[in-house]
Amino acid sequence: MTKLEFTMIRSTTPDDTTALIALADATGLFPPSALELLRQMLTDSLGGNSDTEPFWITDDDNGPVGVAYCEPERMTDRTWNLQLIAIHPDRQGQGRGTKLLRYVEQALTARRGRVLLVETSGLPEFDRTRAFYAKCGYEEEARIRDFYATGDDKVVFRKVLNAD
């Protein structure tokens with residue numbers, strides 16, 4: 001039996017905030033401004049100060065080692081957007097990201113979610129991220145050139161959860 005089989009996916013709590021910011025920082029993919037935004041998102045949504053129905057989950061293995069956050073896309077019929085999924089670098093390559101993403105998909109399917117969108121950068125350092133989504137059955141749906149900055153495209157992936 002592998003260590004992964006003993007992990008626990010659970011709802012994120014306000015007490016996780018500091019550990020999750022450190023986790024996101026450790027990935028090296030988030031600039032300081034994004035980390036501060038993440039802190040504010042955690043504080044607002046976990047404190048009940050959000051006007052959306054956010055969905056935060058944490059992969060816990062004696063402390064947070066992964067996190068996922070998604071929210072409903074406004075003015076749509078049951079479309080959700082995965083805003084964040086991250087696994088601590090020393091826990092990557094163990095299937096945790098796939099397990100966390102599958103958990104999100106199952107939870108949203110149970111909520112009758114229809115479509116899950118994922119947005120990421122088109123920069124070379126996000127090649128592994130884009131390959132991960134493709135491996136998990138997501139299709140590249142759109143690319144908006146120079147979205148984040150000149151030369152940094154937004155790549156949107158899509159997966160149908162409920163066809164009805």
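Conventions we followed
- Within every chain, residues take consecutive numbers counted from 1 along the sequence as written.
- Given that the model is predicted, a residue must reach a pLDDT of at least 70 before its local features are reported, and side-chain atom pairs must reach 80 or more before they are shown or counted; all residues, however, enter totals for whole chains, interfaces and linings.
- Hydrogens are left out, water is left out, and the side-chain values use all remaining heavy atoms of the structure.
- Put simply, DSSP H or I for four residues or longer makes a helix, DSSP E for two residues or longer makes a strand, and each gets a number counted from the N terminus.
- Between the two quantities, the radius of gyration covers C-alpha atoms and the globule rule is 2.2 Å times the number of residues to the power 0.38.
- Should any heavy atoms of two residues lie within 4.5 Å, those residues are considered in contact.
- Accessibility throughout is a Shrake-Rupley quantity obtained with a 1.4 Å probe, and a residue counts as covered only by protein chains that appear here.
- For the purpose of counting charges, residues Lys and Arg are taken to be positive, whereas Asp and Glu are taken to be negative. His and the chain ends are not included.
- Throughout, a charge is located at the NZ atom of Lys, the CZ atom of Arg, the CG atom of Asp or the CD atom of Glu.
- Two aromatic rings from Phe, Tyr or Trp, using only the six-membered ring of Trp, form a pair when their centres are within 6.5 Å; if the ring planes differ by under 30 degrees the pair is stacked, by over 60 it is edge-to-face, and anything between is tilted.
- To sort residues, take the accessible area from a 1.4 Å probe on protein chains only and compare it with the maximum for the residue type: under 20% means buried, over 50% means exposed, and anything in between is partly exposed.
- By this definition, two strands are paired if DSSP reports at least two bridges between them.
- To get an axis, fit a line to the C-alpha atoms, keeping to the stretch in contact for a helix; angles then go from 0 to 180 degrees between the N-to-C directions.
- Patch criteria: residues need more than 30% relative accessible area and no salt bridge. Like-charged residues are merged within 9 Å; nonpolar side chains of Val, Leu, Ile, Met, Phe, Trp and Tyr are merged within 5 Å.
- What counts as a salt bridge is simple: a side-chain nitrogen of Lys or Arg found within 4 Å of a carboxyl oxygen of Asp or Glu.
- Between N or O atoms, a polar contact is any pair within 3.5 Å; within protein, one atom must be a potential hydrogen donor and the other a potential acceptor, and residues adjacent in sequence are included only when both atoms are from side chains.
- A crossover counts as right-handed when, viewed with the strands pointing away from the observer, the path leading from the first strand over the helix to the second turns clockwise.

Asks: Is there a simple way to think about the overall build of the chain in this case?
Replies: Helices and strands together make up the secondary structure of the chain, namely four helices and seven strands. Across the chain, helices and strands are ordered from the amino to the carboxyl terminus as β-α-α-β-β-β-α-β-α-β-β. For 164 residues, the compact-globule estimate of 2.2 N^0.38 gives 15 Å, and the chain sits close to it at 15 Å. Projected onto the principal axes, the alpha-carbon positions of the chain cover approximately 40 × 40 × 35 Å. In the chain, of all internal contacts separated by at least 6 residues, the share reaching a separation of at least 24 is 58%. For the chain, the accessible area works out to roughly 9000 Å², and carbon and sulfur atoms hold 51% of it. Distance between charge centres in the chain, computed from 20 positive and 26 negative side chains, equals 5 Å.

Asks: When you look at the packing of aromatic side chains in this model, what are you seeing that I'm missing?
Replies: Any two aromatic rings considered together are summarised by their centre-to-centre distance and by the angle between their planes. In this structure the tally under the stated criterion is five aromatic pairs. For the ring pair Phe 147 and Tyr 148, a centre distance of 5.0 Å and an interplane angle of 90° mean the geometry is edge-to-face. In this structure Phe 147 comes out as partly exposed when scored by relative accessible area, which is 41%. Each residue in the set Phe 132, Tyr 133, Tyr 138 and Phe 157 is aromatic and connected to the rest through ring pairs, giving one cluster.

Asks: Which parts of the structure should I look at to understand the sheet that holds strand S2 (residues 55-60)?
Replies: Each strand in a sheet pairs with its neighbour through backbone hydrogen bonds, running either in the same direction (parallel) or in the opposite one (antiparallel). Overall, mixed pairing links the seven strands, which are arranged S1-S2-S3-S4-S5-S7-S6 in an open sheet. In the strand order of this sheet, the two ends are held by strand S1 (8-11) and strand S6 (139-149), each with one partner. Here the strands of the sheet are splayed against their neighbours by 25° on average, with no regard to which way each runs. Taken together, the seven bridges between strand S5 (residues 115-121) and strand S7 (residues 152-160) define a ladder with antiparallel strand orientation. Within the sheet, the bridge partner assigned to Leu 117 lies in S7 and is Arg 158.

Asks: Is there a simple way to explain a nonpolar patch on the surface in this structure?
Replies: Together, Ile 144, Phe 147 and Tyr 148 give the surface a local cluster of nonpolar side chains, amounting to about 280 Å² of exposed area. On the secondary structure map, Ile 144 appears in strand S6. Exposure remark for Ile 144: the relative accessible area of 38% places this residue in the partly exposed category.

Asks: Would you explain unusual backbone geometry in this entry?
Replies: Glycine aside, residues mostly have negative phi, and peptide bonds are mostly found in the trans state. With phi around 60°, Asn 62 is a residue other than glycine that occupies positive phi space. Overall, Asn 62 belongs to the exposed group, its relative accessible area being 77%. For Met 75, which is not a glycine, the phi torsion comes out positive at approximately 55°. As for its placement among the helices and strands, Met 75 is situated in the loop between strand S3 (64-72) and strand S4 (79-87).

Asks: Looking at this structure, how should I read the side chain of Asp 59?
Replies: Within the fold, Asp 59 resides in strand S2. At 3.0 Å, the side chain of Asp 59 forms a polar contact with the side chain of Arg 96.

Asks: What is the right way to look at the pairing of S4 in this model?
Replies: Along a regular strand, successive side chains alternate from one face of the sheet to the other. With eight of its nine residues buried, S4 lies for the most part within the structure. Once S3 ends, the chain turns through six residues before running back antiparallel as S4, passing Met 75 with a positive phi of about 55°. As for the winding sense of the linkage, the β-α-β connection from S4 through helix H3 (residues 96-110) to S5 is right-handed.

Asks: Hey, could you run me through the environment of Ala 19 in this one?
Replies: Looking at the element boundaries, Ala 19 is found in helix H1 (residues 17-27). Taking the C-alpha atoms as reference points, Ala 19 and Val 65, 46 residues apart in sequence, are found 8.4 Å from one another.

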